[in-house]
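Structural description and commentary
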Amino acid sequence: MSRLITHWIDGKAWSGTAERTGEVFDPATGRVAGHVDFAGPAEVEAAVAAARAAFPGWRDASLARRSSVLFGFRELLNARRAELVEIVTAEHGKVLDDAAGEVQRALEAVEFACGVPTLLKGGYSENVSGNVDVYSIRQPLGVVGVISPFNFPAMVPLWFVPNAVACGNAVVLKPSEKDPSAAVFIAELFAEAGLPAGVLNVLHGDKAAVDGLLEHPDVRSISFVGSTPIARYVYETGTRNGKRVQALGGAKNHMVVLPDADLDLAADAAVSAGFGSAGERCMAVSVVVAVDPVGDDLVARITDRIGGLKVGDGRRPGCEMGPLVTAAHRDRVVSYVENPEGATLAVDGRDHEVDGDAGGFWLGPTLFDHVRPDTALYRDEIFGPVLCVVRAQSYSEALDLVNANPYGNGTAIFTKDGGAARRFQNEVEVGMVGVNVPIPVPVGYYSFGGWKDSLFGDTHAYGPDGIHFFTRTKVVTSRWPDPSHGGVNLGFPRNT
């Protein structure tokens, strides 16, 4: 009998009966591992109502109290990280080591939020006018919504929830219905750490749940990570309903390899960043731009490394890459492999040996060479283990290729030339740049986010931008007059 994953509302598991449910698969076997309740309008209303009721008390909780809860959550998460790693691998499919890295990066975001007393400090100006002081304070928004994707079921919720809670908001989290259990585990740990009931609620479901949050008048903001078409929809719908929105979209991340680069380092980086988590990362390298004359040599080195990768069930020792998350997604990715559009299929992932159940959602590492920029292979965010090599004749041609792309999430340059690297970081139109670093995801005390069609809204995720997003600034002008004040004055106020 499969297990049931249900909502977490007002500090406890929801006890109702859902009108609709969805299947949750074990991607390594292809078998149904559980069912998840889908929210309808009543469940959306219940979750928002619980958050609305909890907000005043949590808003007025001292910074010391909030910080204490965050520290307690951090300690619980650290102590029980192995459980969360297993949950992520079982439902998403990424190998245990990859899931452990996800949880570690999530911990960085939590640790940043633990410093909320310092992060919420305002400014103060004394005696700006006669006996008048001005100061600024940051206050929470209220009920905030978080909609997270399937590819990082632990890390992405923890990019947003700790900052939102630390700032005094109440949260309704809508995780992906493909791998929903990590979000419930996180909510349970927050409750154990002392977070009051209703401050964090988890609502499962599909578009009906998303639209319910986007349209609910009591939800003040939406944080979203997912594909660009959905990010655009979330941004437009949310802002049309008067909400503050940060919607992080898709990517087509380029890795430029200059002729002077260490090609072994570059090949290792391309394979690691292209095929880690089966390519289901918004920061995965999906295009290697080989600047003449290194293309043939680089492709040979990448091909050699792909042959040694062990693909299989992420719970089995030695497996380096797991399955894709669903059969439908696997089939979509395979459709690109079946239509090379003139590119050279250097490595066919359909032939890669798999250490796992034959019913799993498998596709091995796939490499295309001589990919043209006018093809779907190059244009589309494939979101799978498909790496494309594009040839360029010069640095300028490579730069123009990156800048012409509608996405602007992450990019990297591999070179031994400091001047070329410095020029690239200045000229490239991308939000996150790596220099000899293939996946330049910022540490927890910076902020994550791209440019162009990779971000809708003005604010990046976590770090300082996260604190800014989850608070509103209020400026207070005060006067405490002494007994000698001058009485009524109908003139326009002047600073003197």
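To keep things clear, this report deals only with the structure shown in the data block. What you see is a predicted model, and the numbers here were worked out from it, not measured in a lab.

This part is about the overall build of the chain. Helices and strands together make up the secondary structure of the chain, namely 16 helices and 25 strands. Expected size for 496 residues packed as a compact globule is a radius of gyration near 23 Å; at 25 Å, the chain falls within 12% of this value. Dimensions of the chain, computed from C-alpha atoms along their principal axes, come out at roughly 85 × 60 × 40 Å. When each of the 496 residues of the chain is scored for burial, the buried share is 56%. Excluding contacts between residues fewer than 6 apart, the proportion of contacts in the chain whose partners are at least 24 apart in sequence is 73%. Counting every atom, the chain has about 20,200 Å² of accessible surface; 51% of that belongs to carbon and sulfur. Each charge class in the chain was averaged separately, 44 positive and 60 negative side chains, and the resulting centres sit 7 Å apart.

Let us look at unusual backbone geometry. A cis amide bond links Asp292 with the next residue in sequence, Pro293, at an omega value of 10°. Examined against the element boundaries, Pro293 turns out to sit in the loop between strand 14 (285-291) and helix 11 (295-307). Phi is positive for Ser277, which is not a glycine, with a value near 55°. Residue placement: Ser277 occurs in the loop between helix 10 (263-275) and strand 14. On the accessibility criterion, Ser277 (5% relative accessible area) is buried. Even without glycine at this site, Glu341 takes up a positive phi of about 55°. When you line up the elements, Glu341 lands in the loop between helix 12 (327-337) and strand 16 (344-347).

Turning our attention to the sheet that holds strand 7 (residues 132-140). The strand order across the open sheet formed by 3 strands is 6-7-25, and the pairing between neighbours is antiparallel. Looking at which strands have only one partner, the edges of the open sheet turn out to be strand 6 (124-129) and strand 25 (471-479). Neighbour-to-neighbour, the strand axes of this sheet turn through a mean angle of 30°, independent of strand direction. Across 9 bridges, the pairing between strand 7 and strand 25 is antiparallel.

The next thing to look at is the state of the cysteines. What the rule picks out here adds up to 0 disulfides. In this structure Cys167 is not part of a disulfide, and its nearest cysteine sulfur, from Cys114, lies 13 Å away. The thiol sulfur of Cys388 is not disulfide-bonded, and the nearest other cysteine sulfur, from Cys282, lies at 18 Å.

The subject of this paragraph is empty space enclosed by the protein. Evaluation of the coordinates by the stated rule reveals 4 cavities of 30 Å³ or more. Roughly 110 Å³ of volume is contained in the largest cavity. Lining the largest cavity are 16 residues, and of these Gly279, Arg281, Ala284, Ser286 and Phe383 sit closest to its centre. In the lining of the largest cavity, the residues fall into 7 nonpolar, 5 polar and 4 charged.

Okay, a positive patch on the surface next. Side chains of Arg220, Arg244, Arg472 and Lys474 sit close together on the surface and give a patch of like positive charge. For Arg220, the position within the fold is in strand 11 (residues 219-225). With a relative accessible area of 44%, Arg220 lands in the partly exposed category.

For the rest of this paragraph, the subject is the nonpolar core. Side chains that are nonpolar tend, in soluble globular proteins, to be buried together. Membership of the largest hydrophobic core comes to 69 residues, with the highest contact counts inside it found for Phe73, Trp159, Phe190 and Phe448. If one sorts the elements of this core by residue count, helix 6 (residues 155-166) sits on top with 9 residues. Beyond its immediate stretch of four places on either side in the chain, Phe190 contacts Leu70, Phe73, Leu158, Val161, Leu195 and Leu200. Met255, Leu263, Phe275 and Ile413 belong to the second-largest nonpolar core, a separate cluster that totals 63 residues.

Moving on: a nonpolar patch on the surface. Together, Val443, Tyr445 and Tyr446 make up an exposed nonpolar region whose accessible area comes to about 340 Å². Within the fold, Val443 resides in the loop between strand 22 (432-435) and strand 23 (451-452).

What follows deals with the layout of surface pockets. The method is simple in principle: a probe with the dimensions of a water molecule rolls over the atoms, and the space it marks as empty is what remains. Its volume calculated, the largest pocket comes out at about 820 Å³. Around the largest pocket, the lining comprises 33 residues; the ones closest to its centre are Phe150, Lys178, Gly226, Ser227 and Ile230. Of all elements in the fold, only helix 8 (207-215), strand 11, helix 9 (228-240) and helix 12 reach the threshold of two or more residues within the lining of the largest pocket. The dominant element in the lining of the largest pocket, judged by the number of residues it contributes, is helix 9, at 4 residues.

With that out of the way, let us pick up the environment of Pro481. By the element assignment, Pro481 lies in the segment after strand 25. It is 39 Å that separates the C-alpha atoms of Pro481 and Asp218, two residues lying 263 residues apart in sequence.

Opposite charge on two side chains allows them to pair when their charged atoms are near. All chains considered together, the criterion is met by 30 salt bridges. As a salt-bridge pair, Arg59 and Asp60 come within 3.1 Å of each other at their nearest N and O atoms. For Arg59, a relative accessible area of 35% translates into the label partly exposed. Of the charged contacts in the structure, one is a salt bridge between Glu83 and Arg80, with a shortest N-O distance of 2.9 Å.

Here 7 strands make up an open sheet; going across it, the order is 16-18-19-14-13-21-22 and the pairing mixed. The sheet is open, and its two edges are formed by strand 16 and strand 22, each paired on a single side. Pairwise comparison of adjacent strand axes, ignoring direction, gives a mean angle of 20° for this sheet.

The subject of this paragraph is the packing of aromatic side chains. What the rule picks out here adds up to 12 aromatic pairs. Aromatic side chains Phe25 and Phe361 sit 5.9 Å apart centroid to centroid with 75° between the ring planes, which places their arrangement in the edge-to-face category. Of this pair, Phe25 sits in strand 4 (residues 20-26) while Phe361 sits in the loop between strand 17 (354-355) and strand 18 (366-369), placing them 336 residues apart in sequence. Overall, Phe25 belongs to the partly exposed group, its relative accessible area being 24%. Ring geometry for Trp159 against Tyr462: centres 5.2 Å apart, planes inclined by 55°, an arrangement best described as tilted. In this pair, Trp159 sits in helix 6 while Tyr462 sits in the loop between strand 24 (455-456) and helix 16 (463-469), placing the two residues 303 residues apart along the sequence. The exposure class assigned to Trp159 is buried, which follows from its relative accessible area of 4%. Assessed through its relative accessible area of 4%, Tyr462 is described here as buried. A network of ring pairs unites the aromatic residues Trp159, Phe160, Phe448 and Tyr462 as a single cluster.

Conventions adopted
Residues numbered from 1 in each chain as written. Predicted model: local features only at pLDDT ≥ 70, side-chain atom pairs only at ≥ 80, totals over all residues. Heavy atoms only, no water. Helix = DSSP H or I, 4+ residues; strand = E, 2+ residues; numbered from the N terminus. Rg over C-alpha atoms; globule rule 2.2 N^0.38 Å. Buried < 20%, exposed > 50% of the residue type's maximum accessible area, 1.4 Å probe, protein only. Contact = heavy atoms within 4.5 Å. Areas by Shrake-Rupley, 256 points an atom, 1.4 Å probe, with all protein chains shown as cover. Lys, Arg positive; Asp, Glu negative; His and termini not counted. Charge placed at Lys NZ, Arg CZ, Asp CG, Glu CD. Pairing = 2+ DSSP bridges. Axes fitted to C-alpha atoms, helices over the stretch in contact; angles between N-to-C directions. Disulfide = S-S within 2.5 Å. 1 Å grid on protein atoms, 1.4 Å probe; cavity = no way out; pocket = protein on both sides within 12 Å on 5 of 7 lines; lining within 4 Å. Points joined across faces, edges and corners; volume = space filled by probe spheres on them. Nonpolar A, V, L, I, M, F, W, Y, C, P; charged D, E, K, R; others polar. Patch = residues over 30% accessible without salt bridge, like charges linked within 9 Å, V, L, I, M, F, W, Y side chains within 5 Å. Salt bridge = Lys/Arg side-chain N within 4 Å of Asp/Glu carboxyl O. Core = buried A, V, L, I, M, F, W, Y, C linked by side-chain atoms within 4.5 Å. Phe/Tyr/Trp six-rings, centres within 6.5 Å; stacked < 30°, edge-to-face > 60°.

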